[in-house]
Amino acid sequence: MKRNSFVLYLFLLMVTPALLVSCQQDDIVINELQEDDGRELAFAGPLASIDFSVYDMIEDLDENLWFGGDSLVYYLHREPVMVSWSHLVTLPEVYEFWTFSMPTELAAPFKAGTTEWDYSEEVMFSHQDDVRYDQLLMKRGQMILSPRLPMGLSGSVRIQIPEVSSNGEAFEIVLQSGDDEYIDLSGYQLDFTSNEVEPYRSRLTVNFKVEDFSGFPMSDQVTLGFQMRDMDYESAYGYFGYQEADEMDASLSFDFFDEIEFDEHIDIADFEMDVEVYNSIGVPFYVEATNIRFFHADDETPVLLEMNDESTIGFDYLPAATAGNPLIPGYGNFIVNGSNSNAVEIGNSSPARMLADIYASSNPEAPAGVEAPDQNFIFSERDLEVDLVLKVPFYFWADTYARMDTVEFDFMDIIDGSEDEVDHVEVAEVFFDFENELPIQIEVAAWVIDAEGQKVDDLLDANTEFVKGGDKGAPAATSFKVGLTAAQISLFKQREVKNIVLAYELSTSKGSTAVKIYGDSRFRAKVSAELNGSMPQ
């Protein structure tokens, strides 16, 4: 059966359990005759009693169905868009080659232990004028140290970087002139220095001391090659300034409207799109979603989302995450619906996909009454998660929405093994009694067709009141019967009936007022049967 109608979906939820119970092969049972037995055949009794809520009907059908706080049923689809902020902390590739001059009075031959030289250099890490790094815990990286004394001079040097530590001990190493030492920075902590005069000059200090030496120097040049490369961090603290990021043409695709055929007889009453932002970074952000456009499946001309007051969809100040175990993300939620935009127009256009441009910037000005953090942090999660959430409430209006569908009804398979006995049935009637809290009413005509699709006979007259629409807490009652005569049963056998055709009109039960489907609305049905016939002597 083609699934392309929202209202048909609800209709099938209501009536399919009853139809299945009444049409199973085992439902047609004729008592076997004893020898020389001849009597009137009669049967009357219940076949099924059904009582369930909308919750029961759809809880296992579709993971995209969701219940609101008032139990209103929604179609919900969520698509996360990740805005990368890995550039908030940009670690440099450091390649330094420092040259120091020996004092002129020390140009004579040296003896070990006669004097020491001290030098100091700085390595800058801040990558823009308003960025300050306070502390990094390194995930990986490599530091390379290459000390060189003048030709003719041999000895050892001590290198110290007081801002670099491991297990609480500052980095210090003694190397021989001519060595190239490779240090794995994994697990090291870098605590940068700065001052009030230059708060955004985050730096490391490299101290270089010649300790033991001897020989006849042929020049006065002492050098140190210093490299830090391939660096990444586990955590970073500081102040990361004003920086920007965007994600253009963020996409949200959904197939809900593929299952609905909108025309002048059916309209949804609301359509909601939420922009939910989860911030796992210790930085406040400005976030906005712009150029939000919806496309129909076969139309490349989009419908642009427009706010009634021409406001921006976004957050002037998305709070920073709060460090802890567990970390508490900052959160913001912006709701777009029919009350503040042209969302209902978009929903009734049957969109298939949406595109949006997401823009964000770091450390915006804090609103009145909010204290902006003076220190930012970022851990392994370096993306700002912007969830685009589509919500379509089961809140709609329908007026004589006409459809025709085919249900499998293989009569020969149903009566398999009981063909001879079925010939003695004179009339068979199935009675349906409904109590319906769903605000949908259905009128049905039904007939059976053979394998070639040719009509065989009617089952239900046109405009049979199949189910009356009710309301939550106020069910509407409906009763009717489907009857088969002996002539119809014989005809069904002869023509080998294969399918039932349902031609029905669905409408909401409050005229032109939209109705809502709630999860705790109930549907009750009783199916009973009566069979009469005569068996030969």
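Quick note: structure is the one above.
Attention in this report is confined to the structure presented alongside it. (Residues numbered from 1 in each chain as written. Predicted model: local features only at pLDDT ≥ 70, side-chain atom pairs only at ≥ 80, totals over all residues. Heavy atoms only, no water.)

### Topic: the sheet that holds strand β23 (residues 395-398)
Next, step 1: The antiparallel open sheet is built from three strands, whose spatial order is β14-β23-β30. With one partner strand each, in any of the chains shown, β14 (266-268) and β30 (515-516) form the two edges of the open sheet.
Next, step 2: Where β14 lies against β23, three bridges are found, and the strand directions are antiparallel. Residue I266 lies in a different strand from β23, and its bridge partner there is A398. (Pairing = 2+ DSSP bridges. Helix = DSSP H or I, 4+ residues; strand = E, 2+ residues; numbered from the N terminus.)

### Points about the pairing of strand β27 (residues 455-467)
Next, step 1: For strand β26 (residues 440-449) and β27, the ladder comprises seven bridges, and the chain directions are antiparallel. Bridging from a neighbouring strand, W447 pairs with D458 of β27.
Next, step 2: In this structure, the hairpin formed by β26 and β27 is closed by a connection of five residues, where G453 is found at a positive phi of approximately 85°.

### Describing the packing of aromatic side chains
Next, step 1: Applying the stated criterion across every chain yields a total of 15 aromatic pairs.
Next, step 2: A centroid spacing of 6.0 Å and a plane angle of 75° characterise the contact between F271 and F294, whose relative ring orientation is edge-to-face. One end of the pair, F271, is in the loop between β14 and β15 (272-279); the other, F294, is in strand β16 (residues 285-296), with 23 residues separating them in the sequence.
Next, step 3: For F271, a relative accessible area of 2% gives the class buried.
Next, step 4: Residue class for F294 comes out buried when judged on its relative accessible area of 2%.
Next, step 5: For the pair Y278 and Y331, a centre-to-centre distance of 5.2 Å together with 50° between the ring planes defines the contact as tilted. Pair noted here: Y278 is in strand β15 and Y331 is in strand β19 (residues 330-336), with a separation of 53 residues, a long-range link.
Next, step 6: Within the aromatic cluster, the residues linked to one another by ring pairs are F125, Y133, F192 and F240. (Phe/Tyr/Trp six-rings, centres within 6.5 Å; stacked < 30°, edge-to-face > 60°. Buried < 20%, exposed > 50% of the residue type's maximum accessible area, 1.4 Å probe, protein only.)

### Details of the nonpolar core
Next, step 1: Within the largest apolar cluster, 119 residues are counted, with the highest numbers of intra-cluster contacts made by F125, L190, F226 and M228.
Next, step 2: No other element matches strand β12 (residues 221-239), which puts seven residues into this core.
Next, step 3: The contact partners of F226, leaving out residues within four places of it in the chain, are V94, Y95, E96, W98, V123, M143, I144, L145, I161 and V206.
Next, step 4: The next biggest cluster of nonpolar side chains, apart from the first, holds five residues, and it includes A445, W447, V501 and A503. (Core = buried A, V, L, I, M, F, W, Y, C linked by side-chain atoms within 4.5 Å. Contact = heavy atoms within 4.5 Å.)

### Overview of a negative patch on the surface
Next, step 1: A contiguous patch of negative charge on the surface is contributed by E306, D309, E310 and E345.
Next, step 2: Note on placement: E345 falls in helix α3 (residues 343-347).
Next, step 3: Relative accessible area serves as the criterion here: at 53%, E345 is assigned to the exposed category. (Patch = residues over 30% accessible without salt bridge, like charges linked within 9 Å, V, L, I, M, F, W, Y side chains within 5 Å. Areas by Shrake-Rupley, 256 points an atom, 1.4 Å probe, with all protein chains shown as cover. Salt bridge = Lys/Arg side-chain N within 4 Å of Asp/Glu carboxyl O. Lys, Arg positive; Asp, Glu negative; His and termini not counted. Charge placed at Lys NZ, Arg CZ, Asp CG, Glu CD.)

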